[in-house]
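Structural overview
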Amino acid sequence: MKFIIGIGGVTNGGKTTLTNRLLKTLPNCCVVHQDDFFKPQDQIEVGDDGFKQWDVMTSLDMDAMVNTVKGWIENPVKFARSHGVTVSAIQDGSDPHQSEIHILIVEGFLLYNYKPLLDVYSKCYYVTIPYEECKRRRSMRTYTVPDPPGLFDGHVWPMYLKYRKEMENNNLDIHYLDGMKSKGEIYNNVYEDIQNALLNIL
């Protein structure tokens, strides 16, 4: 059985922290990080706002990302092994013919805006934090390409609002997570929800 979890949300909301914790506790679990699909820096356009357009869909090679997700769907065992994930049969004892569970987490800031990916998710989560907290966390992070002055207010936050509105118009069943809660509370909430979903499917 294949189960795909989307973990989207605002920049510095805690997506990766949550993903990494789930990765350790869910069976046969692989991950695809959207950040791994950014185009090279010289291919990122400068927008009307005067900033390099890192926070827009065209900054990502979404075809490559979709192909990676499709690769997992076609053969989760092969995908897992090629990514160093140990695959084991998960049995609950009630049914000896129960199929293995294979889980993929897709993590990123623009997961629910790209049409070819909208149908793949079994569960959609979205982490939110308020403007002030987001700006504070972002200012404390060190990026390979440092943020130029004014980027957050001039580009990052406006793009977040734009894409969030667009995402909400896609009518996906999205479970919103309050990124201001403790990491443990967010994790427990999501882990329990996933376990319940898996029990309902098996």
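Here we summarise the structure given alongside this text. Throughout, a residue's number is its position along its own chain's written sequence, starting from 1. Reporting of local features is limited, given that this is a predicted model, to residues whose pLDDT is at least 70; pairs of side-chain atoms are given and counted only at 80 or more, and all residues count toward the totals for whole chains, interfaces and linings. By convention in this description, side-chain values take in all heavy atoms of the structure and omit both hydrogens and water.

**Observations regarding the overall build of the chain**
- Summing up its helical and strand segments, the chain has seven helices and five strands in all.
- We compute the radius of gyration from the C-alpha atoms alone; for a globule the expected value is 2.2 Å times N to the 0.38, where N is the number of residues. A compact globule built from 202 residues would reach a C-alpha radius of gyration of about 17 Å, and the chain, at 18 Å, matches this within 12%.
- With the principal axes as the frame, the chain shows a C-alpha extent of 60 × 35 × 30 Å.
- Burial classification: accessible surface area is computed with a 1.4 Å probe over protein chains only, and a residue below 20% of its type maximum counts as buried, one above 50% as exposed, and the rest as partly exposed. Taken over 202 residues, the chain has a buried fraction of 44%.
- For the charge count, each Lys or Arg is scored as positive and each Asp or Glu as negative, with His and the chain ends excluded. Every charge is mapped onto a representative atom, which is NZ of Lys, CZ of Arg, CG of Asp or CD of Glu. Computing the positive centroid from 21 side-chain charges and the negative centroid from 26, the chain places the two 3 Å apart. Strands are runs of DSSP state E lasting at least two residues, helices are runs of H or I lasting at least four, and both sets are numbered from the N terminus onward.

**Regarding the nonpolar core**
- Among buried residues, those of type Ala, Val, Leu, Ile, Met, Phe, Trp, Tyr and Cys that are joined through side-chain atoms within 4.5 Å constitute a nonpolar core. In this structure, M65, L104, V106, Y112, L117 and Y121 are the most contacted members of the largest nonpolar core, which totals 38 residues.
- The set of elements that each furnish at least two residues to this core consists of strand 2 (29-33), helix 2 (62-74), helix 3 (76-82), strand 3 (102-107), strand 4 (123-128) and helix 6 (151-168).
- Tallying contributions element by element places helix 6 first for this core, with eight residues.
- Counting residues in hydrophobic clusters, the runner-up holds 20 residues, among them L22, I101, I186 and L198.

**Examining unusual backbone geometry**
- With a phi angle near 45°, N28 is a residue other than glycine that sits in the positive phi range.
- With respect to the secondary-structure elements, N28 resides in the loop between helix 1 (15-25) and strand 2.
- Using a relative accessible area of 5% as the deciding quantity, one classes N28 as buried.
- With a phi angle near 55°, N171 is a residue other than glycine that sits in the positive phi range.
- Here N171 is to be found in the loop between helix 6 and strand 5 (174-178).
- We classify N171 as exposed; its relative accessible area is 69%.

**A few points about the environment of G9**
- Mapped onto the secondary structure, G9 falls in strand 1 (residues 2-9).
- Expressed as a C-alpha distance, the spacing of G9 and T128, which sit 119 residues apart in the sequence, is 5.9 Å.
- Setting aside residues no more than four positions away along its own chain, G9 makes contact with K15, G108, F109, Y126 and V127. Any two residues whose heavy atoms approach within 4.5 Å are treated as being in contact.

**Quick notes on the packing of helix 1 against helix 7 (residues 183-201)**
- Only the stretch in contact is used when fitting a helix axis, every axis being a line fitted to C-alpha atoms; angles between N-to-C directions are given from 0 to 180 degrees. Two numbers describe how helix 1 lies on helix 7: the axes approach to 10 Å, and their chain directions differ by 50°. In terms of orientation, helix 1 and helix 7 fall into the oblique class. In terms of crossing hand, the pair formed by helix 1 and helix 7 is right-handed. Facing helix 1, whose interface residues are T17, L18, R21, L22 and T25, helix 7 presents K183, G184, I186, Y187, V190, Y191 and I194.
- Residue composition of the contact of helix 1 with helix 7, by class: seven nonpolar, three polar and two charged. Roughly parallel means an angle under 35 degrees; roughly antiparallel means over 145; roughly perpendicular covers 65 to 115; every other angle is labelled oblique. The handedness criterion is simple: a crossing whose near helix is rotated anticlockwise from the far helix by less than a right angle is left-handed, and one whose near helix is rotated clockwise is right-handed. Under this grouping Gly is polar, as are all residues other than the nonpolar Ala, Val, Leu, Ile, Met, Phe, Trp, Tyr, Cys and Pro and the charged Asp, Glu, Lys and Arg.

**Section: the packing of helix 5 (residues 131-140) against helix 6**
- Two numbers describe how helix 5 lies on helix 6: the axes approach to 12 Å, and their chain directions differ by 115°. Here the hand of the crossing between helix 5 and helix 6 comes out right-handed. Contact residues: helix 5 offers Y131, C134, K135 and R138, while helix 6 offers L151, F152, D153, V156 and W157.

**Quick notes on the pairing of strand 3**
- In terms of burial, strand 3 is largely enclosed, as six of its six residues are buried.
- Alternating positions in strand 3 separate into two faces, H102, L104 and V106 on one and I103, I105 and E107 on the other, with burial throughout.
- Strands are labelled as partners when DSSP assigns at least two bridges between them. When strand 1 meets strand 3, the two strands line up parallel, connected through six bridges. When the bridges of strand 3 are listed, I7 appears paired with E107.
- Pairing between strand 2 and strand 3: five bridges, direction parallel. Paired with H33 across the two strands is E107, which belongs to strand 3.

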